[in-house]
Amino acid sequence: LEQLTENLEKNIAQKDEEIASLNEKVQEQTEDISEMSEQIETMEQLSARQLDSLKLQEAELNKAYYIVGDVKALEEQGVVEREGGILGIGRTPVIKEDFAKEMFTEVDKREFRLLPLEAKKADVVSVHPIDSYNITGEDIAESLVIDDQEEFWSASKYLVVVTK
């Protein structure tokens, strides 16, 4: 009986040591998990900031600007000037080298496809490939329609339309 009691006490002591060792391992693993959770949270925050930054950069890259008006109004706003002609006759409007950018309306060039004009005549003064857009209307210039946005905005992100 004493032998049995002694063996059981040894077994209990061994089991207590094993339990203590296992508790220690569980504590270490809990700390590791906690540390990894913090790292994951930090990475998620960094990823979210990078995604926000990319969205801002994408929005900035896709900004385009337009302005529509008659020659006189656009001259007064500092956007165009007239060049060429003889004695003031036959001069054509061109964009000023240092035009007033604050006068333009900002758009997202991915979504901007149609510009209502409702004028007798309209000419695109800015540099845009002629086959990337068209001006609709038979008797009047109803609207400017962009057929190929990527090509249209490839030369300039500023659209200047002179109406008459």
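Each remark here, short or long, concerns the structure printed above.
A brief look at the structure comes next. A quick note: this is a predicted structure, and the numbers were derived from the prediction, not measured.

1. Notes on a nonpolar patch on the surface
Step number 1: A cluster of nonpolar residues, Leu-1, Leu-4, Leu-8 and Ile-12, forms a patch on the protein surface that exposes about 460 Å² of accessible area.
Step number 2: Residue placement: Ile-12 occurs in helix α1 (residues 2–61).

2. Some words on the nonpolar core
Step number 1: The biggest cluster of nonpolar side chains holds 16 residues, and the ones touching the most others in it are Phe-112, Leu-115, Leu-144, Leu-159 and Val-161.
Step number 2: Among the secondary structure elements, those contributing two or more residues to this core are β1 (63–70), β5 (114–119), β6 (122–124), β8 (141–146) and β9 (158–163).
Step number 3: The element contributing the most residues to this core is β8, with three residues.
Step number 4: Discounting chain neighbours no more than four positions away, the residues touching Leu-159 are Tyr-65, Tyr-66, Ile-67, Phe-104, Phe-112, Leu-115, Val-124, Ser-126, His-128, Leu-144, Phe-152 and Trp-153.

3. A short note on the packing of aromatic side chains
Step number 1: Enumeration according to the criterion identifies six aromatic pairs in this entry.
Step number 2: Look at Phe-112 and Trp-153: their rings are 6.3 Å apart centre to centre, the planes differ by 50 degrees, and that puts the pair in the tilted class. Here Phe-112, found in the loop between β4 (105–108) and β5, pairs with Trp-153, found in the loop between α3 (149–152) and β9; they are 41 residues apart in sequence, far enough to count as distant. For the residue pair Phe-112 and Trp-153, the accessibility class agrees, reading buried in each case.
Step number 3: Ring pairing ties together the aromatic residues Tyr-66, Phe-112, Tyr-133, Phe-152 and Trp-153, which thus form one cluster.

Conventions we followed
- Residues numbered from 1 in each chain as written.
- Predicted model: local features only at pLDDT ≥ 70, side-chain atom pairs only at ≥ 80, totals over all residues.
- Heavy atoms only, no water.
- Patch = residues over 30% accessible without salt bridge, like charges linked within 9 Å, V, L, I, M, F, W, Y side chains within 5 Å.
- Areas by Shrake-Rupley, 256 points an atom, 1.4 Å probe, with all protein chains shown as cover.
- Salt bridge = Lys/Arg side-chain N within 4 Å of Asp/Glu carboxyl O.
- Helix = DSSP H or I, 4+ residues; strand = E, 2+ residues; numbered from the N terminus.
- Core = buried A, V, L, I, M, F, W, Y, C linked by side-chain atoms within 4.5 Å.
- Buried < 20%, exposed > 50% of the residue type's maximum accessible area, 1.4 Å probe, protein only.
- Contact = heavy atoms within 4.5 Å.
- Phe/Tyr/Trp six-rings, centres within 6.5 Å; stacked < 30°, edge-to-face > 60°.

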